[in-house]
Amino acid sequence: MLSEKALLVRVSVKHPSFTKTDKAVSLEVADSKNANKKAVKVHKTVIDTTHPTYTAVKKARGKIYNLFGRETAPWSEDGWHIIKAQGYDRFTEAMREARDSFDVAVADFLKVYPELVDQAPDRLGDLYDAGLFPSVEDCKELFYVDIEVRPVPEAGDFRVAMSADDKQKIVKQIQHKNDQRVKEVTTDLFDRAYDVVNNMVQRLEAFDPDKKGAKLYDSLVGNVRDIAELLPSLNVGDDPRLERLAKEIGLRLTESDTETLKKDESKRRQVTDHAREIMDQIDDFISQ
């Protein structure tokens, strides 16, 4: 059963925008322009949100969502993603590090928050309203990261008082939807693997050690290694093709580090050939 080997996870990251609607000024503008009062809204940014500490918080928030998307596979329209139970430790460790970075960014922002509040009267002029600024402690509560975990709903768990025929129809619908989502997850993983391997091919073929400024970054092999480790963690359908693909990528594309690939032309050609073979293999899998 899917619920015995997989989990659903969802992440929410919140921070205050410090943008407020000024109703009084909105009415003033509407009246001065002969506009319908419902058609005009004046928003004011009550602190300087271009300050580096605040932009750092937004960047840390974005990194959490990016990491979450990389470490999981989409499952439902309301934000739930899926991972295999065996990949939960990997997921929690990655999210912990990203969450810690967010917390550090928030702490740095809160240190300068009183200073930003003190600057607000000069920034806002007649739009200033002291009641718009929470205390440091209250402001701290507006920043948070929430990671939810729940089991995958199974068709067999459906319990409602109704006729046997109607219940059977709904159970089949649930099972069909789960099966469809598993197929979508599997396709998404093949696409991810293809993109990473294709990127390796493009970078290796374009690399010319005699060309000034030619570079191969460590992330080239690192990204390939990551996808090889990630595929088993997200293979919720236990598709043997994904298991085989992960092993192929790990064995054939990551044995040489980036420095070796820079210096050894024969290794570059060999890894490129292996990568192209794996891309052809993925194409075959997708077309089945």
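Quick caveat: nothing in here was measured; it's all calculated off a predicted structure.

Details of the packing of helix 7 (residues 240-253) against helix 9 (residues 265-287)
One can describe the packing of helix 7 onto helix 9 by two numbers: an axis separation of 10 Å at closest approach and a directional angle of 170°. For the element pair helix 7 / helix 9, the angle class is roughly antiparallel. Note on element contacts: helix 9 touches helix 7 through Val271, His274, Ala275, Glu277, Ile278, Gln281, Ile282 and Phe285, opposite Arg241, Arg244, Leu245, Glu248, Ile249, Arg252 and Leu253. Of the residues belonging to the contact of helix 7 with helix 9, the class tally is eight nonpolar, two polar and five charged.

Concerning the packing of helix 6 (residues 219-234) against helix 7
Put simply, helix 6 and helix 7 touch, their axes get as near as 8 Å, and they point 155° apart. Comparing their axes, helix 7 and helix 6 come out roughly antiparallel. Considering only the axes of helix 6 and helix 7, their crossing is left-handed. Listed contacts from helix 7 to Val221, Val224, Ile227, Ala228, Leu231 and Pro232 of helix 6 are Leu242, Glu243, Leu245, Ala246, Ile249, Gly250 and Leu253. Split by residue class, the contact of helix 6 with helix 7 holds 11 nonpolar, one polar and one charged.

About the criteria used
- Residues numbered from 1 in each chain as written.
- Predicted model: local features only at pLDDT ≥ 70, side-chain atom pairs only at ≥ 80, totals over all residues.
- Heavy atoms only, no water.
- Axes fitted to C-alpha atoms, helices over the stretch in contact; angles between N-to-C directions.
- Helix = DSSP H or I, 4+ residues; strand = E, 2+ residues; numbered from the N terminus.
- Parallel < 35°, antiparallel > 145°, perpendicular 65-115°, else oblique.
- Contact = heavy atoms within 4.5 Å.
- Nonpolar A, V, L, I, M, F, W, Y, C, P; charged D, E, K, R; others polar.
- Left-handed = near helix turned anticlockwise from the far one by under 90°.

Any functional reading would require information beyond the geometric quantities listed.
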